[in-house]
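Structural overview for review
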Amino acid sequence: MSQDTLFDKVWDLHKVASLPGGSDQLFIGLHLIHEVTSPQAFGSLKDKNLKVKFPNRTLATVDHIVPTDNQSRPFKDNLAEQMIATLEKNCLEHKIKFFNIGSGNQGIVHVVAPELGLTQPGMTIACGDSHTSTHGAFGSIAFGIGTSQVRDILASQTIAMNRLKVRQIWCENKLSNGVSAKDLVLYIIQKLGVKAGVGFAYEFAGPAINALSMEERMTICNMSIEGGARCGYINPDKKTYDYLKEKLFAPKNNDWDKALNWWESLKSEKQAVYDDIIKLDASKIEPTITWGITPGQSIGINQTIPSKLEIHPDDQLIAEEAYEYMGFQPGQLIKNTPIDVCFIGSCTNGRISDLREAAKIVKQKKVAKNVKAFIVPGSEKVAMKAKKEGLDKIFLDAGFQWREPGCSMCLAMNADKLIGNQISASSSNRNFKGRQGSPNGRTLLMSPAMVAAAAITGRVSDVREFIENEK
Ligand code: SF4
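Residues numbered from 1 in each chain as written. Predicted model: local features only at pLDDT ≥ 70, side-chain atom pairs only at ≥ 80, totals over all residues. Heavy atoms only, no water.

Right, let's get into the pattern of salt bridges. With the rule as written, the count across this model stands at 22 salt bridges. The residue E88 makes a salt bridge to R73 at a minimum N-O spacing of 2.9 Å. Highlighted residues: E88 in helix α3 (residues 78-94) and R73 in the loop between β4 (58-61) and α3, separated in sequence by 15 residues. Among the residues examined, R73 registers a relative accessible area of 35% and is labelled partly exposed. Between D276 and R167 there is a salt bridge, and its shortest N-O distance comes to 2.7 Å. Here D276, found in strand β12 (residues 276-281), pairs with R167, found in strand β9 (residues 165-172); they are 109 residues apart in sequence, far enough to count as distant. What makes R167 buried here is its relative accessible area of 9%. Salt bridges linked by common partners bring D8, D12 and R163 together as one network. (Salt bridge = Lys/Arg side-chain N within 4 Å of Asp/Glu carboxyl O. Helix = DSSP H or I, 4+ residues; strand = E, 2+ residues; numbered from the N terminus. Buried < 20%, exposed > 50% of the residue type's maximum accessible area, 1.4 Å probe, protein only.)

What follows is the structure, encoded as C-alpha cells:
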C-alpha cells in the first residue's frame, strides 16, 4: 500500500534523472516569467545561441516594476520602460504568450496564473519570484527560483534540485470570526520560526485548512516561503476543482473528467509517512500582526511585544535589532500603534476576496486624517470584478487611492514607497528592513481587513470590533 505524500508523487512523476552529487533533474510543467528576473536569463540564452525549449509551457506578464498611477507608455521611469520593452521583445522572438498591460489578463504573476486556470493540481511550477509557493494551494509543487535557474528552465524546461523532506502542518478546529488565513499563516511562522522549513515542503492540512476558500489557501501557501519552506501545498479537493472548472486554461469536456481522476489520485495517502508532523489549534488564533523585521516576529492584537527573555535564545539578537529599528519597546501593546500608510495588495492579499473583506470594513467610513491608503488590485481581472461590484467606489469614497494592478508597495520597485520612517499597515508578505522603499520605513504585516480597520482609525485596530459594531 502506498505511503506517498502528494509531494512524493508529483516529484517522482516529474523526475527526469538522478544527477551526480545527489540532486534530481526535475521537469517543470509551467514556467512563469516577468520583467525583472528574465532579461539576464534571455541574454544568457542568446550568448549560447539557444532557443526556449517549450515556449508553450512558458507564460509572461509584468508586475514588479510597473507603475500603478499612470500606465501610459513610455513610462516615466526609464528602467521600467526598458524592462518591459525587453520582455515584449523576448516574448515576441521566442513565441511566448505574454499578458501585457491592457490585455485584460495582466497582473501579479501569482494572481494571474490561478485565475486563468493555468495552475493545476499535480504540476511542477517555477517562477523567478520567491512567492511562487502560492500555486501549491492547488496541489502543485511550486518553486521560486533565481535568474540562473530561469535560464536553465528556458533552455531545458528542467531544473536541478535536491529532494525535500515533507512536514505536515495539521490545523485543528476552525478560525474564529474575524480571523483570516493571513492570521493563521503569520501564527504558524511565529510558532515554528522563519528557518524551520529549510529543506522541507510544507503540507497544510486539517479541518481549518479544508474550511478555507481557494483564495485563502493561496495566502497560506504564498507565505510558506517566509517560514523557510521551499514550497507549500494543500491536497486538492472539491473546492479546488470547483474553482478551476470553466477557467480559460482548465481542461475541457473529456479532458476535464480525465484530469479529475488524475488529480484525485495524487492526494497524499491516508497512511502517508511524513518526516515531521506539527499540530496546532486554529481556534486559538486572534488577528495577528508583525511587530519586527521578519514575518516570524508577530503577536496577537491583544498581546504585548515580547521581552528578550520570552524569545528563544537563537532569536534574541534579531529581536534586539527589531526593537531598535521599529522603535518599539518590549511590553508595549501593538494595538493602537499609529499608522501612516495603509497598503492593500500583493500576491498574498490582493485578490477579489481580500478586496471584498476590506470593503466591508471601509463601507461608509472615512480614512483617518494623516493616513495615506492604497488599494492595488492583484490583476486586471481582480480590478474589473471589483469595479463591477462597486468596490472601487466604496474605497474611493472612503478616501483610498485606487491604483492599477502590480506589485507596488510589496517591494516598492516602482514609485509607491514609504517616506522616512513611516509605519505601514500592509497586507503583503515581507517586513524586512527597507522592504517598502524607504531605508528606515517600518512595515506591520496583517490581514487586508485589519489594514482596512487601521486605515479608518489611523491606528492598529482589532477588526473584530468593527464586525461587532456592524451586527
Ligand atoms: S507582490 Fe511581492 S511577493 Fe508577490 S510577486 Fe510581487 S514582489 Fe513578489
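What follows is about the packing of aromatic side chains. Per the counting criterion, the structure on display carries 10 aromatic pairs. Seen from their ring centres, F27 and F54 are 5.7 Å apart, and the 85° between their planes marks the pair as edge-to-face. Of the two residues, F27 sits in strand β2 (residues 24-27) while F54 sits in the loop between α2 (39-47) and β4, which places them 27 residues apart along the sequence. On the accessibility criterion, F27 (21% relative accessible area) is partly exposed. With relative accessibility at 29%, the residue F54 sits in the partly exposed group. Their ring planes at 90° and their centres at 6.1 Å tell us that Y202 and F204 sit as a pair that is edge-to-face. (Phe/Tyr/Trp six-rings, centres within 6.5 Å; stacked < 30°, edge-to-face > 60°.)

This part is about helix α13 (residues 352-362). Within α13, burial applies to I352, D354, L355, A358, A359, I361 and V362. Q364, located one to two residues past α13, shows a positive phi value of around 60°.

As paired strands, strand β1 (residues 15-18) and β2 are joined by 3 bridges and run antiparallel to one another. Its bridge partner being in β2, S18 is matched across the sheet by D24. (Pairing = 2+ DSSP bridges.)

Turning next to the sheet that holds strand β11 (residues 231-233). Sheets are built from strands paired through backbone hydrogen bonds, the pairs being either parallel or antiparallel. Spatially, the 4 strands line up as an open sheet ordered β11-β10-β9-β12, and their pairing is parallel. The open sheet is flanked by β11 and β12, the only strands paired with a single partner. Recorded for the sheet is a direction-independent mean angle of 20° between the axes of neighbouring strands. Where β9 lies against β12, 6 bridges are found, and the strand directions are parallel. Opposite C171, over in β12, you have L280 as the bridge partner. (Axes fitted to C-alpha atoms, helices over the stretch in contact; angles between N-to-C directions.)

Further remarks concern the sheet that holds strand β19 (residues 442-445). Pairing is parallel in the open sheet, where 5 strands are placed in the order β17-β16-β15-β18-β19. Edge positions in the open sheet fall to β17 (401-402) and β19, since each of these has one partner strand only. Direction of pairing for strand β16 (residues 372-375) relative to β17: parallel, over a ladder of 2 bridges. Note on β17: the bridge partner recorded for I375 is W402.

Viewed as axis vectors pointing N to C, α2 and helix α5 (residues 147-156) meet at an angle of 50°, and their least axial separation amounts to 8 Å. Considering the angle they form, α2 stands oblique to α5. Crossing handedness for the pair α2 and α5: right-handed. Counting all contacts with α2, which are made through Q40, A41, F42, S44 and L45, the residues of α5 involved are T147, V150, R151, L154 and A155. The residue makeup of the contact of α2 with α5, split by class, is 6 nonpolar, 3 polar and 1 charged. (Parallel < 35°, antiparallel > 145°, perpendicular 65-115°, else oblique. Left-handed = near helix turned anticlockwise from the far one by under 90°. Contact = heavy atoms within 4.5 Å. Nonpolar A, V, L, I, M, F, W, Y, C, P; charged D, E, K, R; others polar.)

Of the two faces of strand β6 (residues 124-127), the one lined by T124 and A126 and the one lined by I125 and C127 are each fully buried. As defined by bridge partners, strand β3 (residues 30-33) adjoins β6 across 3 bridges and the pair is classed as parallel. If you follow H31 over to β6, its bridge partner there is A126. Relative to strand β7 (residues 141-144), β6 runs parallel, the two sharing 4 bridges. Within the sheet, the bridge partner assigned to A126 lies in β7 and is F143.

Further remarks concern α2. Each α-helix turn comprises 3.6 residues. Residues three or four places apart therefore point the same way. Turning to α2, its buried residues are A41, F42 and L45. On an axial view of α2, the arc spanned by its buried residues comes to 95°, and they lie on one face. Turned more than 90 degrees away from the buried face of α2, the exposed residues are Q40, K46 and D47. Those residues of α2 that are buried are in contact with β3, α3 and α5. At the C-terminal side of α2, N49 shows a positive phi close to 55°. (Arc of directions from axis to C-beta.)

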